[in-house]
Amino acid sequence: MLALPGVDRRCLSSNDSVAQDRAIIGVYSDTKRADLDAARGYCAAQRWTNS
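Residues numbered from 1 in each chain as written. Predicted model: local features only at pLDDT ≥ 70, side-chain atom pairs only at ≥ 80, totals over all residues. Heavy atoms only, no water.

A. Representation of the environment of Ile25 within the structure. The topology assignment puts Ile25 in the loop between helix H1 (15-21) and strand E2 (26-29). Note on Ile25: relative accessible area 29%, which makes it partly exposed. Measuring from C-alpha to C-alpha, the distance between Ile25 and Ser14 comes to 8.6 Å, with 11 residues separating the pair along the chain. (Helix = DSSP H or I, 4+ residues; strand = E, 2+ residues; numbered from the N terminus. Buried < 20%, exposed > 50% of the residue type's maximum accessible area, 1.4 Å probe, protein only.)

B. A look at the packing of aromatic side chains. Considering all chains together, one arrives at one aromatic pair under this definition. With centroids separated by 5.8 Å and ring planes inclined at 80°, the aromatic side chains of Tyr42 and Trp48 adopt a geometry described as edge-to-face. For Tyr42, a relative accessible area of 41% gives the class partly exposed. (Phe/Tyr/Trp six-rings, centres within 6.5 Å; stacked < 30°, edge-to-face > 60°.)

C. A look at the pairing of E2. Every second residue of E2 is oriented toward a common face, the buried set being Val27 and Ser29 and the non-buried set Gly26 and Tyr28. Inspection of the sheet shows strand E1 (residues 8-12) paired to E2 by four bridges, in the antiparallel sense. Each residue of the ladder has a partner; that of Leu12, found in E2, is Gly26. (Pairing = 2+ DSSP bridges.)

D. View of helix H2 (residues 33-46). The first and last C-alpha atoms of H2 sit 20 Å apart over 14 residues, in line with the 20 Å expected at 1.5 Å per residue. Looking only at H2, the buried set comprises Leu36, Ala39 and Cys43. Here the buried residues of H2 occupy an arc of 70° about the axis, which is enough to place them on one side. Relative to its buried face, H2 has exposed residues pointing more than 90 degrees away, namely Arg33, Ala34, Ala44 and Ala45. Tucked inside the fold, the buried residues of H2 contact E1 and E2. (Expected span 1.5 Å × (residues − 1). Arc of directions from axis to C-beta. Contact = heavy atoms within 4.5 Å.)

Written out as structure tokens, the structure reads:
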């Protein structure tokens, strides 16, 4: 987990993506509205969750 103030994980790759890419992919953003919206939009498009 990143330890930067104001930066949080928005989602992690799905099990299918992990198997395909052989890696866990995390999407992080700060809390600026545009950055947060972009991260959440990407997570939603990939159907990834933050669990």
